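# Commentary on secondary and tertiary structure
Chain by chain, the residues:
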Amino acid sequence: MIRRFALLQTFVAVARAGKMKQAANELALTPGAVSQRIRQLEEVAGRRLFNRVPAGVELNAAGEAMFTALAEPFRAIEAVDRELGSPLSSSVTMSTTSSFAATWLVPRLAMFAQRYPDIEIVVETGARPVDLRREPIDLAIRHGLGKYHGFEATWLVAPELIVVASPDLLKDRAPLKGPADCLAFPLLHDFNRQDWPLWFEAHGVAAPNCKKGPAFSESHLVVRAAVAGQGLALVRDIYVVATSETLQKPTVRRFRNWLIEEARHKISSPT
């Protein structure tokens, strides 16, 4: 039987990813091998640890208890492993959405590499929420109002918040004069349905039903739906988030400070 440490390592990878296939890619295994390891661990534990859901798998109560016990130790092990693999302890792992990475971050990474050639940046993209205390991720760039309890959040950029709609959708309708008027139209959402609730909250508008409407995993799909007249679309505020402990690492702090500098430079540059 596979050694128990390998089983636990596989369990942590699946719990983080929520998908057997993604965990398999991270561990350089086949999905079948990952599934077999999870079955073996459940046999050893004497209970099921995951429930199957349409998007993949999710922890049940027993699995959540095990993950809570293992997450921080494995994070520490992975941090040491990265340091052993990189003598200068120079790797920074960050998470953001694929659209922000493609349109804002990636085009600028060459400039960071020129300034700090010994620091390697690892970019993970996806819409899923990440747990910075449990996962081997140093920084996360997310949109919101900066209310991340227990974490240090620094505002990066706030694109001009423009409500976008097709002229066909607005035809023969009352004009949009204020945020509350948007509630009379279908609202288009990102996959996590966070944009509109945050936007209405920032404007002091009570909108308990604003999460209704179609949702899309990528921002360009939201725009496409708006162009097709399916509803109103909205852009985002961007924050960089990390734990206080992680920001003690010089490499992480330098990368965070560079992100802030780049964002401020973009704002202050003449148009």
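Fair warning: this is a prediction, and the values are worked out from it, not measured in the lab. (Residues numbered from 1 in each chain as written. Predicted model: local features only at pLDDT ≥ 70, side-chain atom pairs only at ≥ 80, totals over all residues. Heavy atoms only, no water.)

Attention shifts here to unusual backbone geometry. If you check the backbone angles, D172 has positive phi at about 60° while not being a glycine. Locating D172 in the fold gives a position in the loop between α6 (167-170) and β7 (189-190). Judged by its relative accessible area of 76%, D172 falls in the exposed class. (Helix = DSSP H or I, 4+ residues; strand = E, 2+ residues; numbered from the N terminus. Buried < 20%, exposed > 50% of the residue type's maximum accessible area, 1.4 Å probe, protein only.)

With that settled, the discussion passes to the packing of helix α2 (residues 20-27) against helix α3 (residues 31-45). Packing of α2 against α3 brings their axes to within 8 Å, and their N-to-C directions diverge by 105°. Classed by the angle they form, the pair α2 and α3 counts as roughly perpendicular. On α3, the residues touching M20, K21 and A24 of α2 are P31, V34, S35 and I38. Of the residues that constitute the contact of α2 with α3, the class distribution is five nonpolar, one polar and one charged. (Axes fitted to C-alpha atoms, helices over the stretch in contact; angles between N-to-C directions. Parallel < 35°, antiparallel > 145°, perpendicular 65-115°, else oblique. Contact = heavy atoms within 4.5 Å. Nonpolar A, V, L, I, M, F, W, Y, C, P; charged D, E, K, R; others polar.)

What follows concerns the pattern of salt bridges. In the structure shown here, the tally under the stated rule is five salt bridges. With its nearest N and O atoms 3.7 Å apart, the salt bridge here joins E42 to R48. We classify R48 as exposed; its relative accessible area is 54%. The residue R115 makes a salt bridge to E261 at a minimum N-O spacing of 2.8 Å. (Salt bridge = Lys/Arg side-chain N within 4 Å of Asp/Glu carboxyl O.)

Turning next to α3. For α3, spanning 15 residues, the distance from its first C-alpha to its last is 21 Å, which sits close to the expected 21 Å at 1.5 Å a residue. Residue G46 follows α3 closely and has a positive phi angle near 75°. (Expected span 1.5 Å × (residues − 1).)

Of all six residues in strand β3 (residues 91-96), six are buried, a share of seventy percent or more. Side chains of β3 alternate between two faces, with S91, T93 and S95 and V92, M94 and T96 buried alike. The sheet contact formed by β3 and strand β4 (residues 120-125) spans six bridges and is parallel. Following the sheet pairing, T93 is matched in β4 by V122. Regarding the hand of the β-α-β motif, the stretch spanning β3, helix α5 (residues 98-115) and β4 is right-handed. (Pairing = 2+ DSSP bridges. Right-handed = clockwise from strand over helix to strand, strands pointing away.)

What follows is about α2. Along α2, the residues classified as buried are M20, A23 and A24. Angularly, the buried residues of α2 cover 105° about the axis, an arc narrow enough to put them on a single face. Turned more than 90 degrees away from the buried face of α2 sit K21 and N25, all of them exposed. Contacts from the buried residues of α2 go to α1 (4-17), α3 and β2 (56-59). (Arc of directions from axis to C-beta.)

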